[in-house]
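# Remarks on the overall topology
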Amino acid sequence: MKYNFDEVIDRSDNFSAKYDELEAKFGRSDLVSLWVADMDFRAAEPIMEAIRERAEQGIFGYTSRPESYYKTMKNWYKTRYNWDMEKDHIIHSPGVVPTLSLIMKLFTEPGDKIIIQSPVYYPFFNVVKDNERELVINPLKKVDGDYFMDFEDLENKIDEKVKFLILCNPHNPIGRVWTKEELRKLGDMCIKNNITVIADEIHGDLVYDGKRYTPFASISEEFRLNSISCLSATKTFNIAGLQASFAVFPDKEMHDKFDEFLGILDIKRNNCFSLVAMEAAYAKGGEWLDQVLVYIRDNMKFVNEYCEKHMPQIKANMPEGTYLVWLDCNDLGLSDDALNDFFVNKARVALDGGSWFGEEGKGYMRINVACPRATLKEGLDRIKEAIINEL
Ligand SMILES: Cc1ncc(COP(=O)(O)O)c(C=O)c1O
């Protein structure tokens, strides 16, 4: 089936964070909304069909996961990424961020340190700080416009208090898909220093131009044992509102403790819609995914060409993965506050502020391009006009 991603869908009755929280987040609602990472596209037909069928049953009692639920996700990772995950290691969780937060709570003590690589997805900061653990920032370094891990800085910052490193692969917001060599170097360093890697790989399926996403745990037996992988179909298939994810815990002690705690909170079950949607996505979503990736890639090119042609003060990157483009706005010559104010109150677009992703993000903005091209163009036109008229 051929999907039409050009269709602009009115989300005003969609009760979405992306649109209904504009006023609360940005102070006004007349903005082209290109911030929080969900897509303005309708989900794949097999997912809709599965949800419709489930809704038609009319009974929405407590769920039980069938064997096929695990089979489809295992099969997805095996066939696409040659990673054999064991069913006994998989734990359902309502989301990746809740998993990260619970890992902090359950497996670290006050005073323990956790490394993150900034600029990075802002909840990584929060899950550490909110659980009163110590954050260690290993900033990415920018060389000739591309971001790389800074292993020298990492080595200098490691001490015996560091318990975890949270890896973002592919990396939100800068869009790198880490190579096997980079991951190997990182993983070796972590093993040498008794640091467990938490691999947030929720963007793993969103990769372009022949780049390959390598699941961290798939690299070697040692890496598998020294990692927790956080995964979901929600980002790939635009079903984040269904709130489901899974984590792979090869360490039995950690697995059991995490599982027990979810039991105490009584959040071990899927809701009845995520149960069928996740399975349908992994079993039958490939066709939609192939098409959406082509559309998103064209949107990334559109942003790049638009900036080059109409507003060279803004330099867009060409991400290897995710659906987020990182805009270098330093040449606008604005302070962080002025930059955010410019986009909201002059251009009237809602983007993620670069500084939300850490100190290193200052001077940048993140634009979500998983939307119809007309929406994207409207946002870019507004920015262009504001540069001409307001700066
Ligand atoms: C790197 C990363 N991890 C996790 C999430 C959110 O995951 P969840 O909705 O499962 O908590 C996002 C959403 O943008 C993300 O970019």
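Residues numbered from 1 in each chain as written. Predicted model: local features only at pLDDT ≥ 70, side-chain atom pairs only at ≥ 80, totals over all residues. Heavy atoms only, no water.

### Observations concerning the domain arrangement of the protein chain
Heads up, the rule is: Domains are outlined according to an automatic or database domain assignment. In what follows, residue pairs with any heavy atoms lying within 4.5 Å of each other are defined as contacts. Once two parts are brought into contact, the accessible area they lose, counted with a 1.4 Å probe and summed over both, makes up the buried area. Distance and chemistry together define a polar contact, namely a pair of N or O atoms within 3.5 Å, with one atom able to donate a hydrogen and the other to accept it when in protein, and with adjacent residues in sequence counting only for side-chain atoms on both sides. Secondary structure elements are defined from DSSP: runs of H or I of at least 4 residues count as helices, runs of E of at least 2 residues count as strands, and each element is numbered from the N terminus. Polar here means any residue other than Ala, Val, Leu, Ile, Met, Phe, Trp, Tyr, Cys and Pro, which are nonpolar, and Asp, Glu, Lys and Arg, which are charged; Gly is therefore polar.
Considered domain by domain, the protein chain is made up of domain 1 (17–44 + 287–386) and domain 2 (60–283). Taken over C-alpha atoms, the centre of domain 1 sits 25 Å from the centre of domain 2. With 28 residues of domain 1 at the contact, the number on the domain 2 side is 32 residues. For the pair domain 1 and domain 2, the two sides together bury roughly 2600 Å², of which 57% comes from carbon and sulfur. At the junction of domain 1 with domain 2, the criterion picks out 19 residue pairs in polar contact (both at pLDDT 80 or more). Considering every element that reaches the side of domain 1 that touches domain 2, the biggest residue donor is helix 13 (residues 286–310), with 6 residues. Classifying every residue of the side of domain 1 that touches domain 2 gives 16 nonpolar, 5 polar and 7 charged.

### A look at the sheet that holds strand 2 (residues 90–93)
Going by this rule: Between any two strands, pairing holds if DSSP finds at least two bridges. Only the stretch in contact is used when a helix axis is fitted, and all axes are lines through C-alpha atoms; the angle between N-to-C directions ranges over 0 to 180 degrees.
As summarised here, the arrangement of the 7 strands in space is 2-10-9-8-7-3-4, forming an open sheet in which the pairing is mixed. Each edge of the sheet is formed by a strand with only one pairing partner; in this case those strands are strand 2 and strand 4 (134–137). Ignoring which end each strand starts from, the neighbouring axes of this sheet average 25° apart. Taken strand by strand, helix 6 (residues 123–130) contacts strand 3 (113–116), strand 4, strand 7 (162–168) and strand 8 (196–200), and its axis lies near 145° from that of strand 4.

### Observations regarding the site of the ligand
Rules: Think of it this way: one heavy atom of a residue within 4 Å of a molecule or strand is enough to make that residue near it. With residues, only the protein chains shown are counted as cover, and all accessible areas are computed by Shrake-Rupley using a 1.4 Å probe. The rule is simple: put a 1 Å grid over the protein atoms alone, call a set of points where a 1.4 Å probe fits but cannot get out a cavity, call an open set with protein on both sides within 12 Å along at least five of seven lines a pocket, and count a residue as lining if it has an atom within 4 Å of a point. More than half of a molecule's atoms within 2 Å of the grid points is what it takes for that molecule to sit in a cavity or pocket.
Taken together, the residues surrounding the ligand are Ala37, Gly95, Val96, Val97, Pro98, Tyr121, Cys168, Asn172, Asp200, Ile202, His203 and Lys235. Contacts to the ligand include Val96, whose backbone N or O atom sits 2.7 Å from an oxygen atom. Measuring from an oxygen atom of the ligand, one finds a side-chain N or O atom of His203 at 2.8 Å. Against a free-state accessible area of 400 Å², the protein chains account for coverage of 87% of the ligand. According to the grid-proximity analysis, the pocket containing the ligand is the largest pocket. The greatest single-element share of the shell around the ligand, amounting to 3 residues, is contributed by helix 5 (residues 96–107).

### Digging into the pairing of strand 15 (residues 364–368)
Our working definition: Accessibility here uses a 1.4 Å probe with only protein chains present; expressed as a share of the type maximum, an area under 20% marks a residue as buried, one over 50% as exposed, and anything in between as partly exposed.
Burial analysis of strand 15 places 5 of its 5 residues in the buried class, which makes it a mostly covered element. In strand 15, alternate side chains face the same way, and those of Tyr364, Arg366 and Asn368 on one face and Met365 and Ile367 on the other are all buried. Relative to strand 15, strand 14 (residues 352–353) is paired through 2 bridges, and the arrangement is antiparallel. By the bridge assignment for strand 15, Gly353 is matched with Met365.

### Focus on the sheet that holds strand 15
The pairing of strands in a sheet happens through backbone hydrogen bonds and is either parallel or antiparallel. A sheet is described by the order of its strands in space; here 4 strands give the open sequence 11-12-15-14, paired in antiparallel fashion. Bordering the open sheet on either side are strand 11 (315–316) and strand 14, each of which pairs with just one other strand.

### Things to note about the pattern of salt bridges
Spelled out, the test is: A side-chain nitrogen of Lys or Arg and a carboxyl oxygen of Asp or Glu constitute a salt bridge if their distance falls within 4 Å.
Overall, the coordinates contain 27 salt bridges when judged by the stated rule. The partner of Arg11 in a salt bridge is Asp40, with the nearest N and O atoms 2.7 Å apart. Of the two residues, Arg11 is situated in the segment before helix 1 (17–20) and Asp40 in the loop between strand 1 (32–33) and helix 3 (45–57); the sequence distance between them amounts to 29 residues. Neither residue differs from the other here; Arg11 and Asp40 are each classed as buried. Lys18 is the salt-bridge partner of Asp38, the closest N and O atoms lying 3.6 Å from each other. You can see Asp38 sitting in the loop between strand 1 and helix 3 and its partner Lys18 sitting in helix 1, a full 20 residues away along the chain. With respect to class, Asp38 is no different from Lys18; both count as buried. Beyond isolated ion pairs, a larger network of salt bridges with shared partners links Arg11, Lys18, Asp38 and Asp40.

### Brief notes about the pairing of strand 9 (residues 227–231)
Taking burial as the measure, the 5 residues of strand 9 include 5 buried ones, the bulk of the element. Side-chain alternation along strand 9 places Ser227, Ser229 and Leu231 on one buried face and Ile228 and Cys230 on a second face that is also buried. Relative to strand 9, strand 8 runs parallel, the two sharing 4 bridges. Across the sheet, Asp200 pairs through a bridge with Cys230, a residue of strand 9. Two strands pair when backbone bridges link them, and strand 9 and strand 10 (residues 245–248) are joined in this way by 3 bridges, in the antiparallel orientation. Within strand 10, the residue paired with Leu231 across the bridge is Phe246.

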